[in-house]
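Commentary on secondary and tertiary structure
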Amino acid sequence: MEQLKSVAFLMQADTLIMQVDTLTMQVDTLTTQADTLTTQADTLTMQADTLTMQADALTLSGIAKFNLLRINEMLY
């Protein structure tokens, strides 16, 4: 009977160790997912910045063309 209790205790201990390992893996998975979301957010921010710079470049290009037309009108 004592031997059965010892075996049962060891099995419970092994089960607890496996549960801790499972929880550790779940924490690692959640950490990786959080890192992925942070990277995706950074990517979206950079894309937004790129679009803003493209819009600014188009605006400056338009201003430069307008100024060039005004200069040409003054010269001729």
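Refer to the structure printed above.
Let me sum up the structure you'll find in this document. (Residues numbered from 1 in each chain as written. Predicted model: local features only at pLDDT ≥ 70, side-chain atom pairs only at ≥ 80, totals over all residues. Heavy atoms only, no water.)

**Looking at the overall build of the chain**
- Looking only at helices and strands, one finds 1 helix and 0 strands in the chain.
- Relative to the compact-globule value of 11 Å for 76 residues, the chain shows a C-alpha radius of gyration of 33 Å, a clear excess of over 25%.
- When its C-alpha atoms are laid out on the principal axes, the chain stretches across 110 × 5 × 5 Å.
- With an accessible surface of roughly 7100 Å², the chain has 68% of that area assigned to carbon and sulfur atoms. (Helix = DSSP H or I, 4+ residues; strand = E, 2+ residues; numbered from the N terminus. Rg over C-alpha atoms; globule rule 2.2 N^0.38 Å. Areas by Shrake-Rupley, 256 points an atom, 1.4 Å probe, with all protein chains shown as cover.)

**Observations concerning a nonpolar patch on the surface**
- A contiguous nonpolar surface patch, about 430 Å² in accessible area, is contributed by I71, L75 and Y76.
- Among the secondary structure elements, Y76 is positioned in the segment after α1 (2–75). (Patch = residues over 30% accessible without salt bridge, like charges linked within 9 Å, V, L, I, M, F, W, Y side chains within 5 Å. Salt bridge = Lys/Arg side-chain N within 4 Å of Asp/Glu carboxyl O.)

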